[in-house]
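Results of the structural survey
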Amino acid sequence: MIKVKDRKLLLLPGDGIGPEVVREVRKIIEWFNKNKSLDFKIEEGLVGGASYDKHKTPITDEVFYKALESEAVILGAVGGPKYDNLEFSKRPERALLKLRKELKLFANLRPAICFKQLVDASSLKPEIISGLDIMIVRELTGGIYFGEPRGIEPIENNERKGINTHTYTTNEIQRVARVAFDLAKKRKNKVTSCEKSNVMEAGILWREEVQSLKDKEYKKIELEHMLADNCAMQLLRNPKQFDVIVTDNLFGDILSDEAAMLTGSLGLLPSASLGARDKNGKTRSMYEPVHGSAPDIAGKNIANPIATILSLSMALKYSLDLDKEAEQIDKAVQSVLDDGLRTKDIMSKNMKEVSTSDMGDAIISKLK
Ligand code: IPM
Ligand code: MG
């Protein structure tokens, strides 16, 4: 088998359950190195609260440059109650936002898939969610998360004013819409674009620019515009009407949590954050589980590592052209679920409860 040199993967375990779930990913990468001669170079770094504890900053320059140089970054999770009272610029989330912004990862892909083995874990009726497969494309480097002016300032009467600014340009809207249209082409050819054009000018612009891109370049795709609040409602009423949803940073944050939870599979959902392709067809990228740091169950070896393992699979597929290996991981995950193995978060009657590391080992035992 050919050895491809210099496939650098940077693991950033972070906080809470991050280190435990990333440990299982590391085991899988090492399995591929040993058994498939894939020759990944694994590096690891501190991020979030873990970095703050040691270096008094949520991400050091050294780790940031490592991220710039790697083929793909796999991040566990950041944050936890211990850091809630830190000054804004030191908070664990700043590391995540810096990586997204400076690596220019403008497209965040968050699949909401209902695993057939977990249909009963959803709070919705099985017929509403079985077979659900939605892709949410969230804009990740613009909008109110990064807009200027921002801040908290004193005003008259000893009061204060908090300011954040929601802005989008044509280019910011169309480049993320393009990602959504391209994905839809490989799926069911339908894109739903969400904004609040009934109250926000930036929402009107969003709607017009998405439409104009479609009219020019994606005539065959079915495009529907929906107000974001209606989308939140439709996700609960009839989620299977959606194929690809494209929306801004803030609405995407909220709608993707909603979509993830309604699948009943939060512990199983991965995500990819992608930048533009360069001349060589390469793109910067970061992969993360959709669930957070879950500090309440951290360190107990009970967290579900599957979302992070599937994030590795997305990395192999979207960043490293290793579709076959990605598929092997996906199949191994399906197979352990078919065997009835469950971590605590998805445990149900007659299934076998396993720990984080047992789940990782079981998945590895299914790899060929
Ligand atoms: C997410 C998270 C982050 C966000 C936080 C941790 C900054 O909620 O990735 O969805 O708001 O984007
Ligand atoms: Mg979120």
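Structure: see above.
Residues numbered from 1 in each chain as written. Chains lettered and ligands numbered in written order. Predicted model: local features only at pLDDT ≥ 70, side-chain atom pairs only at ≥ 80, totals over all residues. Heavy atoms only, no water.

A short note on the overall build of the chain
When you go through the chain residue by residue, the secondary structure sums to twelve helices and 14 strands. The C-alpha radius of gyration computed for the chain amounts to 21 Å, which stays within 12% of the reference 21 Å derived for 368 residues, consistent with globular compactness. Considered along the principal axes of its C-alpha atoms, the chain spans approximately 60 × 50 × 45 Å. Across the chain, the fraction of contacts at a sequence separation of at least 24, relative to all contacts at a separation of at least 6, is 73%. As displayed, the chain has an accessible area near 17,100 Å², and 50% of this comes from carbon and sulfur atoms. Side chains of the chain carry 57 positive and 55 negative charges; the gap between the two charge centres is 4 Å. (Helix = DSSP H or I, 4+ residues; strand = E, 2+ residues; numbered from the N terminus. Rg over C-alpha atoms; globule rule 2.2 N^0.38 Å. Contact = heavy atoms within 4.5 Å. Areas by Shrake-Rupley, 256 points an atom, 1.4 Å probe, with all protein chains shown as cover. Lys, Arg positive; Asp, Glu negative; His and termini not counted. Charge placed at Lys NZ, Arg CZ, Asp CG, Glu CD.)

Side note on the sheet that holds strand β2 (residues 40-44)
Here we have ten strands laid out as an open sheet, ordered β2-β1-β3-β12-β11-β4-β5-β10-β8-β9, and mixed in their pairing. For this open sheet the edge positions go to β2 and β9 (222-227), each flanked by a neighbour on one side alone. The sheet shows a mean angle of 20° between the axes of neighbouring strands, direction not considered. Here four bridges tie strand β5 (residues 133-139) to strand β10 (residues 244-247), and the two strands are oriented parallel to one another. Looking at the pairing, Met-135 lines up with Val-244 of β10. (Pairing = 2+ DSSP bridges. Axes fitted to C-alpha atoms, helices over the stretch in contact; angles between N-to-C directions.)

What about unusual backbone geometry?
Here the residue pair Glu-148 and Pro-149 is connected by a cis peptide bond, since its omega of 0° sits within 30 degrees of zero. When you line up the elements, Pro-149 lands in strand β6 (residues 147-154). Phi is positive for Asn-158, close to 60°, though the residue is something other than glycine. Topologically, Asn-158 is positioned in the loop between β6 and β7 (160-165). Under the relative-accessibility criterion, Asn-158 is labelled exposed at 81%. (Buried < 20%, exposed > 50% of the residue type's maximum accessible area, 1.4 Å probe, protein only.)

Details of the site of ligand 1
If you check the shell around ligand 1, you find Glu-93, Leu-96, Arg-100, Arg-110, Arg-138, Tyr-145 and Asp-253 and nothing else. Within the side chain of Arg-100, a nitrogen or oxygen atom sits 2.7 Å from an oxygen atom of ligand 1. Between an oxygen atom of ligand 1 and a side-chain N or O atom of Tyr-145, the distance comes to 2.5 Å. Starting from 320 Å² of accessible surface for ligand 1 in isolation, the protein chains cover 74%. The dominant element in the shell around ligand 1, judged by the number of residues it contributes, is helix α4 (residues 92-102), at three residues. The residue makeup of the shell around ligand 1, split by class, is two nonpolar, no polar and five charged. (Near = heavy atom within 4 Å. Polar contact = N/O pair within 3.5 Å; in protein donor to acceptor, adjacent residues only side chain to side chain. Nonpolar A, V, L, I, M, F, W, Y, C, P; charged D, E, K, R; others polar.)

A word on the pattern of salt bridges
One pass over the structure, following the stated rule, counts 20 salt bridges. Salt-bridge contacts for Lys-27 lead to Asp-361; the nearest nitrogen and oxygen are separated by 2.8 Å. On the criterion of sequence distance, the pair formed by Lys-27 in helix α1 (residues 18-36) and Asp-361 in helix α12 (residues 356-366) is long-range, its members being 334 residues apart. A relative accessible area of 24% means that Lys-27 is categorised as partly exposed. (Salt bridge = Lys/Arg side-chain N within 4 Å of Asp/Glu carboxyl O.)

Notes on the packing of aromatic side chains
Evaluation of the coordinates by the stated rule reveals four aromatic pairs. Between the aromatic rings of Tyr-168 and Trp-206, the centroid separation amounts to 5.2 Å while the plane-to-plane angle is 75°, which identifies the pairing as edge-to-face. Note that Tyr-168 is positioned in the loop between β7 and α6 (170-185) and Trp-206 in helix α7 (residues 201-217), a separation of 38 residues in sequence. What makes Tyr-168 buried here is its relative accessible area of 8%. Aromatic pair Phe-181 and Tyr-218: ring centres 4.7 Å apart, planes at 25°, arrangement stacked. Highlighted residues: Phe-181 in helix α6 and Tyr-218 in the loop between α7 and β9, separated in sequence by 37 residues. Judged by relative accessible area, Phe-181 falls into the buried class, the value being 0%. (Phe/Tyr/Trp six-rings, centres within 6.5 Å; stacked < 30°, edge-to-face > 60°.)

A look at the pairing of strand β1 (residues 7-14)
Most of β1 is tucked away: seven of the eight residues are buried. Across five bridges, the pairing between β1 and β2 is parallel. Opposite Arg-7, over in β2, you have Phe-40 as the bridge partner. Note on the crossover from β1 through α1 to β2: the handedness is right-handed. Relative to strand β3 (residues 72-77), β1 runs parallel, the two being bridged by five bridges. Bridge assignment links Gly-14 to a residue of β3, and that residue is Ala-77. (Right-handed = clockwise from strand over helix to strand, strands pointing away.)

A few points about helix α3 (residues 61-69)
Among the residues making up α3, those that are buried are Val-63, Phe-64 and Ala-67. Angular distribution of buried residues about the axis of α3 spans 100°; they occupy a single face of the element. The exposed residues of α3 that point more than 90 degrees off its buried face are Asp-61, Glu-62 and Glu-69. Against the buried residues of α3 lie β1, β3 and α4. (Arc of directions from axis to C-beta.)

What to know about the packing of α3 against α4
Where α3 contacts α4, the two axes come as close as 11 Å, and the packing angle between them is 40°. The orientation of α3 relative to α4 falls into the category oblique. Judged by the sense of rotation from one axis to the other, the crossing of α3 with α4 is right-handed. Of the residues in α4, those touching α3 at Asp-61, Phe-64 and Ala-67 are Lys-98, Leu-99 and Glu-102. Looking at the contact of α3 with α4, its residues break down into three nonpolar, no polar and three charged. (Parallel < 35°, antiparallel > 145°, perpendicular 65-115°, else oblique. Left-handed = near helix turned anticlockwise from the far one by under 90°.)

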